[in-house]
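Structural description and commentary
What follows is the residue order along each chain.
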Amino acid sequence: MSGSPLVQMIDISKAFGAVQALRRVSFVVHHGEVVGVVGDNAAGKSTLMKVLSGVYPPDLGRILIEGRDASFSGPHDARDLGIEMIYQDFALVPQLDVTENIFLGKELTKSWLGLRRLHRSAMDARAEELFRQLGLTVPSVRSKVRELSGGQQQAVAIARATGFEAKLIIMDEPTANLGATAIEKVRQSIRNLKAQGVAVVIVSHRLEDLFAVANRMVVLKHGRVVGERSMVETNHDEILEMIVAGADRRASAGERTAPNA
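Described in the following lines is the structure provided in the data block. (Residues numbered from 1 in each chain as written. Predicted model: local features only at pLDDT ≥ 70, side-chain atom pairs only at ≥ 80, totals over all residues. Heavy atoms only, no water.)

1. Observations concerning the pattern of salt bridges
- The tally for this structure, following the rule as stated, stands at 20 salt bridges.
- One salt bridge in this structure joins R191 and E184, with 3.0 Å as the shortest N-O distance.
- Of the charged contacts in the structure, one is a salt bridge between R187 and D209, with a shortest N-O distance of 2.7 Å. Residue R187 is located in helix α6 (residues 180-195), and its partner D209 is located in helix α7 (residues 207-213); the two are separated by 22 residues in the primary sequence.
- According to the relative accessible area criterion, D209 is buried, its value standing at 5%.
- One salt-bridge network, in which partners are shared between bridges, spans E184, R187, R191, R206, E208 and D209. (Salt bridge = Lys/Arg side-chain N within 4 Å of Asp/Glu carboxyl O. Helix = DSSP H or I, 4+ residues; strand = E, 2+ residues; numbered from the N terminus. Buried < 20%, exposed > 50% of the residue type's maximum accessible area, 1.4 Å probe, protein only.)

2. Notes on the sheet that holds strand β4 (residues 60-65)
- Here we have four strands laid out as an open sheet, ordered β2-β1-β4-β5, and antiparallel in their pairing. Both outer strands of the open sheet, β2 (19-29) and β5 (68-70), are each paired with one neighbouring strand and no more. Shown here is a sheet whose adjacent strand axes are inclined to one another by a mean of 30°, direction ignored.
- Relative to β2, strand β1 (residues 7-16) runs antiparallel, the two being bridged by seven bridges. Residue pairing across strands places I12 opposite V25, the latter belonging to β2. (Pairing = 2+ DSSP bridges. Axes fitted to C-alpha atoms, helices over the stretch in contact; angles between N-to-C directions.)

3. Describing helix α1 (residues 45-52)
- Of all eight residues in α1, six are buried; the element is thus mostly enclosed.
- Along α1, the residues classified as buried are K45, T47, L48, M49, V51 and L52.

4. Considering the sheet that holds strand β10 (residues 199-203)
- In spatial order, the strands read β6-β9-β10-β3-β11-β12; together these six strands make up an open sheet with mixed pairing. Unpaired on one side and paired on the other, β6 (83-86) and β12 (224-230) mark the two borders of the sheet. Neighbour-to-neighbour, the strand axes of the sheet open up by a mean angle of 20°, direction not taken into account.
- Against the sheet, helix α5 (residues 150-162) touches β6 and β9 (168-172), its axis set at about 170° to β6. (Contact = heavy atoms within 4.5 Å.)

Right under this line is the structure:
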């Protein structure tokens, strides 16, 4: 985690009409770091991540990627800089198979009799390789997504996000509605991503998942950062207190909080 942070969001503000969703939020992610983002409903978690993934433009503030100013006209600009987001509903196409979902819009082709054709065997091989690297499984890369379980669909979404040189993957409630076995597979895939140097931001209400895999946790309330902790310096009760009370006891007592960069 040396050198410039992978992501620096500085004094980000965002409003939707009269509703101020984000209020001068600063947020940092380092290379290969896993960061949990928590808070109650309407805390601003999803809005902050949608700003980072290019869905929403900020009203105020700066975004730096590896020390350079960045602006996004849409999610494609964020993807070009290595930022991918996995939504809670996975955003998969049910009638397509696993490989087709992973390569949707980025299909590999080959020349045949002077024409370009889909290179299906190369895409299948790459899809299978991605699942091996992530420690995830599906029945077959030719299986239709609609036939897969929730955990298997999550695996497809993760493989799709990592397949094209992602530097940061944002996961929105990645273990919601999953069983214990699937949850552990998602946790292990996050550990594998970290080992490969890929940063992960996890938006989740499940603190146990974050304590299992995250390096650091950031707490939002009413569109502001109200606390930040290294996982080795905190516990469930302290994080819950910040979520509910919206106050950082260390800060209010004049103590130094964990650095934001």
